[in-house]
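Working through the structure, step by step
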Amino acid sequence: MKAQRPYEQVSITAKGEAALTGGHPWVYEGEITAVNGPVEDGSLVDVTGPKGAYLGTGFYNSHSFIRVRLLSRNANDRFDESFWRRRIQYAWNYRKTVMGGADSRCCRIIFGEADQFPGLTVDRFESVLVAQVLSLGMERIKPLLFPLLVDVLRADGQEIVGIYERNDVSLREREGMTQGKDWYPLPGEPVPASTSVDITENGLVYAVDFINGQKTGFFLDQKYNRLAVSKLAAGRTVLDCFTHTGSFALNAARGGAAHVTAVDVSEYAVACARENARRNGLDGVMDCVCANVFDLLPQLADQPPRYDFIILDPPAFTKSRRATDGALRGYKEINYRAMKLLPRGGYLATCSCSHFATEELFRRMLRAAARDAGVQLRQIEARQQCADHPILWGVEETDYLKFFLFQVI
């Protein structure tokens, strides 16, 4: 006789079954037809289709629009310490393979569903791990998971001093959790005193403020896109819009740009960019300006031409499908303005980090902006996020970053 599984059963619709068998790991509220017994939020459940077929096991949360986040599709899995150690090891081995030795010192180690850790992000900045926990199930197993994560890395000779949690995001409240940020107390270890850490990326040194910076403190997903910009920058006068802490601007300056202007609306970000330029000995060719890009680009149109390379790296203009049309209008506005400013033969780097603005929609927007600006675009490269942020086919949310390099002709 087959042994009884220890988890309650959740039955779903045929539509939900089709999504899961197609590779997507989420069960939405409206796809559940029955819950067999009382289920504690954050606990594990088995998901079955309309005819009772086992589809997978995952975390249940009645507070969330995403009712179940699958962990496994293997009915034989037991979610004990050995299971989680193996899964962490898989994630770390992948980063060492695709990033190499030096680049794996600063990379995303766990990318949520793409690594089968639903709702968990972990970035490594040298000796500091910065984690963001956005699902209740992951929140509940932190006491098991976080020490294992440190142990796996240290066993491979990596120096790790601690894990800092950046759980100051409103999504946690929609999952029934509170917001906050602090060091995670690793058993028997002192709490680190540092509030920032120095990293090296593409030969440039940055101070990463993982306590106050955006998201986990530094955007790692554009690492190799910055190198692509660096290769085109020699001798050019560059305008880097939405610079954050200056990463694209610094790569352009290191690539031999004649001059770089880095712009951000945040005074704090501009101060960080200015300090990063100073630390890398590039402050002589780089100035940092606090301004709203949507105001600055029209103002530049009334001045003599200054720039022959413009970089547009805006934040996500939409975090919901409903707001996509408005976001695309925002993307079109800045791209149109940049194309009008550039001389013939000038270069444009442009991107979107919102998965709702799909590649098809983004390309359509760029064509419309070029048509209205009266220019033609010659594509140099089309790129995506760095390989430490892997795209899991069947899970569109993991395919989010679009990056294009063009010459205006």
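Just above sits the structure.
Reference entry: report on the structure contained in this document. (Residues numbered from 1 in each chain as written. Predicted model: local features only at pLDDT ≥ 70, side-chain atom pairs only at ≥ 80, totals over all residues. Heavy atoms only, no water.)

Thoughts on the packing of aromatic side chains
Enumeration over the complete set of coordinates arrives at 21 aromatic pairs. Taken together, a centroid distance of 6.2 Å and an interplanar angle of 55 degrees make the contact between phenylalanine 111 and tyrosine 400 tilted. You can see phenylalanine 111 sitting in strand β7 (residues 106-111) and its partner tyrosine 400 sitting in the loop between β19 (377-383) and β20 (402-408), a full 289 residues away along the chain. Look at tyrosine 400 and you get buried, because its relative accessible area is 11%. Clustering of aromatic rings is evident, with ring pairs tying together Phe242, Phe294, Phe317, Tyr331, Phe362, Phe404 and Phe406. In this arrangement the basic side chain of arginine 226 is found over the ring face of phenylalanine 248, its NZ or CZ atom lying 5.8 Å from the centre. (Phe/Tyr/Trp six-rings, centres within 6.5 Å; stacked < 30°, edge-to-face > 60°. Helix = DSSP H or I, 4+ residues; strand = E, 2+ residues; numbered from the N terminus. Buried < 20%, exposed > 50% of the residue type's maximum accessible area, 1.4 Å probe, protein only. Lys NZ or Arg CZ within 6 Å of the ring centre and 35° of its normal.)

Concerning the side chain of arginine 124
Tracing the chain through its elements places arginine 124 in strand β8 (residues 120-125). The side chain of arginine 124 sits in the buried core without any salt bridge; glutamate 126 is the nearest counter-charge, 5.4 Å away. A polar atom in the side chain of arginine 124 sits 2.8 Å from the backbone oxygen of glutamate 126. Side chain to side chain, arginine 124 and glutamine 158 meet in a polar contact 2.8 Å long. In this view, arginine 124 contacts Trp92, Ser104, Arg105, Cys106, Cys107, Ile109, Leu129, Gln158, Glu159, Ile160 and Leu220; residues no more than four positions away in its chain are not counted. (Lys, Arg positive; Asp, Glu negative; His and termini not counted. Salt bridge = Lys/Arg side-chain N within 4 Å of Asp/Glu carboxyl O. Polar contact = N/O pair within 3.5 Å; in protein donor to acceptor, adjacent residues only side chain to side chain. Contact = heavy atoms within 4.5 Å.)

Notes on the packing of helix α6 (residues 223-232) against helix α7 (residues 247-254)
Running from amino to carboxyl end, α6 crosses α7 at an angle of 40 degrees, the nearest separation of the two axes being 7 Å. Taken together, the axes of α6 and α7 lie oblique to each other. Helix-helix and strand crossings are classified by hand; for α6 and α7 the assignment is right-handed. Residue-level contacts link Asn225, Arg226, Leu227, Val229 and Ser230 of α6 to Ser247, Phe248, Asn251, Ala252 and Arg254 of α7. Split by residue class, the contact of α6 with α7 holds 4 nonpolar, 4 polar and 2 charged. (Axes fitted to C-alpha atoms, helices over the stretch in contact; angles between N-to-C directions. Parallel < 35°, antiparallel > 145°, perpendicular 65-115°, else oblique. Left-handed = near helix turned anticlockwise from the far one by under 90°. Nonpolar A, V, L, I, M, F, W, Y, C, P; charged D, E, K, R; others polar.)

Comments concerning the environment of alanine 34
Within the fold, alanine 34 resides in strand β3 (residues 32-36). Separated by 14 residues in the primary sequence, alanine 34 and threonine 48 place their C-alpha atoms 9.9 Å from one another. When near neighbours in sequence (up to four residues on either side) are disregarded, alanine 34 contacts Gln9, Val10 and Ser11.

A few points about helix α10 (residues 324-341)
Over its 18 residues, α10 runs 26 Å from end to end, which matches the ideal 26 Å to within 8%, given 1.5 Å per residue. Looking at α10, one finds that the buried residues are Thr324, Ala327, Leu328, Gly330, Tyr331, Ile334, Asn335, Ala338, Met339 and Leu341. The buried residues of α10 occupy one face: seen down the axis, they fall within an arc of 165 degrees. Relative to its buried face, α10 has exposed residues pointing more than 90 degrees away, namely Asp325 and Arg329. Elements that come into contact with the buried residues of α10 comprise α9 (293-301), β17 (309-312), β18 (347-352), α11 (359-373) and β19. (Expected span 1.5 Å × (residues − 1). Arc of directions from axis to C-beta.)

Quick word on the nonpolar core
Phe125, Ile199, Phe210, Val229, Val260, Met286 and Phe309 are the most contacted members of the largest nonpolar core, which has 44 residues in total. In terms of residue count, α7 provides more of this core than any other element does, 5 residues in total. In contact with valine 260, other than residues within four places in its own chain, are Val238, Ala249, Ala252, Ala253, Val285, Met286 and Asp287. (Core = buried A, V, L, I, M, F, W, Y, C linked by side-chain atoms within 4.5 Å.)

Notes on the sheet that holds strand β14 (residues 237-241)
Each strand in a sheet pairs with its neighbour through backbone hydrogen bonds, running either in the same direction (parallel) or in the opposite one (antiparallel). With respect to topology, 7 strands assemble into an open sheet ordered β16-β15-β14-β17-β18-β20-β19, the strand pairing being mixed. This sheet does not close on itself; its edge strands, each paired only once, are β16 (286-290) and β19. Across the sheet, the axes of successive neighbouring strands diverge by a mean angle of 15 degrees, strand direction being ignored. In this fold α10 packs onto β17, β18 and β19, with an angle of close to 175 degrees to the strand it touches most, β18. (Pairing = 2+ DSSP bridges.)

Comments concerning the environment of phenylalanine 294
Checked against the element boundaries, phenylalanine 294 lands in helix α9. It is 24 Å that separates the C-alpha atoms of phenylalanine 294 and glutamate 360, two residues lying 66 residues apart in sequence. If we skip the residues at most four places from it in the chain, phenylalanine 294 touches Phe242, Phe317, Gly330, Glu333 and Ile334.

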